[in-house]
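What follows is each chain in one-letter form.
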Amino acid sequence: MKRLLILFALLATALSVHAQQHVAKNAIRQKVLTADSTNSTTGLKSTPLSIAVDSNSTWELDAYLYTGSTTAAGMSLAVDIPSGATIKAIAFGTDTTVSQFNSDAITADATAGHSWNDANSQTGWVNMHGTVTVGSTTGNVVIQHKKNTSGVATLRSGSYLRLTKIQ
């Protein structure tokens, strides 16, 4: 009976350690925008949608961005990543009307080159999905936005960034 109890305790410990390693490997980190983030310049502005990532890791990126633009020139979006990291992602969202859609690839520290929300006072959305592979340098994954010309670009409250560690 004593041996059976010892065996059971060892098995329970091993299962607990395995479960902890699984949770750590597949960690989910997310940030929700609790207030609008506006930018009236043509330079990229970082938003509070910023999440720290571990070195030597790969993350699944999922972002839902509720967007707005006061002029027809629209806005651009970007993902800032740590030095040496790579991103393979796509953005999909509203274009010149809320019923017209477009998509664009996102590359490292560059904008999704498409102009989103190209209509006066339009509210729309952009969804980003892909992976970020981080090298030896830690840092943050940050959603950025800019106004393409005059006016105001807005990421609205309720937008979110979620990263799931997959390796």
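Residues numbered from 1 in each chain as written. Predicted model: local features only at pLDDT ≥ 70, side-chain atom pairs only at ≥ 80, totals over all residues. Heavy atoms only, no water.

**A look at the pattern of salt bridges**
Heads up, the rule is: By definition here, a salt bridge exists when the distance from a side-chain nitrogen of Lys or Arg to a carboxyl oxygen of Asp or Glu is within 4 Å.
In total, this model carries four salt bridges according to the counting rule given. Where salt bridges share partners, they join Arg 29, Asp 54 and Lys 165 into one cluster.

**Concerning the confidence of the model for the chain**
Defined as follows: Confidence scores here are pLDDT values: one per residue, from the predictor, ranging 0 to 100. Helix numbering and strand numbering both begin at the N terminus, where a helix is a DSSP run of H or I of at least 4 residues and a strand a DSSP run of E of at least 2.
On average, the chain scores 80 in pLDDT, and the residues at 70 or more come to 77%. Ranking the elements of the chain by mean pLDDT puts helix H1 (residues 2–25) last, at 51, and strand S12 (residues 160–165) first, at 97.

**Description of the packing of aromatic side chains**
Heads up, the rule is: Here a pair means two rings of Phe, Tyr or Trp (six-membered ring of Trp) with centres within 6.5 Å. Their orientation is stacked below 30 degrees between planes, edge-to-face above 60, and tilted elsewhere. Exposure is judged per residue with a 1.4 Å probe applied to protein chains only, and the accessible area is read against the type maximum: over 50% gives exposed, under 20% gives buried, and values in between give partly exposed.
Overall, the coordinates contain five aromatic pairs when judged by the stated rule. Summarising the aromatic geometry, the rings of Tyr 64 and Tyr 160 are spaced 6.3 Å apart at their centres and angled 25° between planes, so their arrangement reads as stacked. Of this pair, Tyr 64 sits in strand S4 (residues 57–69) while Tyr 160 is found in strand S12, placing the two residues 96 residues apart along the sequence. Here Phe 92 and Phe 101 contribute two aromatic rings whose centre-to-centre distance is 5.7 Å and whose plane-to-plane angle is 15°, an arrangement assigned as stacked. The partly exposed category is assigned to Phe 92, whose relative accessible area is 39%. The class for Phe 101 is partly exposed, based on a relative accessible area of 40%.

**Some points on the nonpolar core**
Selection criterion: Nonpolar cores are built from buried Ala, Val, Leu, Ile, Met, Phe, Trp, Tyr and Cys residues. Side-chain atoms within 4.5 Å join them into one set. Pairs of residues are marked as contacts when any of their non-hydrogen atoms sit within 4.5 Å.
By size, the foremost hydrophobic cluster in this structure holds 28 residues, and its most contacted members are Leu 61, Val 79, Met 128, Val 141, Ile 143 and Leu 161. When residues of this core are traced back to their parent elements, those giving at least two are strand S3 (45–53), S4, strand S5 (75–80), strand S6 (86–94), strand S9 (122–134), strand S10 (139–147), strand S11 (153–155) and S12. For Leu 61, the contacting residues outside a window of four places in its chain are Val 79, Ile 87, Met 128, His 129, Gly 130, Thr 131, Val 132, Val 141, Leu 161, Arg 162 and Leu 163.

**Here we look at the side chain of Gln 144**
Using the following cut-off: Polar contact is defined as a pair of N or O atoms within 3.5 Å, subject to the rule that within protein one atom must be able to donate a hydrogen and the other to accept it, and that residues adjacent in sequence are counted only when both atoms are side-chain atoms.
On the secondary structure map, Gln 144 appears in strand S10. Overall, Gln 144 belongs to the buried group, its relative accessible area being 11%. A distance of 3.2 Å separates a polar atom in the side chain of Gln 144 from a polar atom in the side chain of Ser 46. Once residues within four sequence positions are removed from consideration, Gln 144 is found in contact with Leu 44, Lys 45, Ser 46, Thr 47, Ser 76, Leu 77, Ala 78 and Asp 80.

**A look at the side chain of Asn 39**
Looking at the secondary structure, you find Asn 39 in strand S2 (residues 37–39). When its relative accessible area of 5% is taken as the criterion, Asn 39 is described as buried. At a separation of 2.9 Å, a polar atom in the side chain of Asn 39 contacts the main-chain carbonyl oxygen of His 145.

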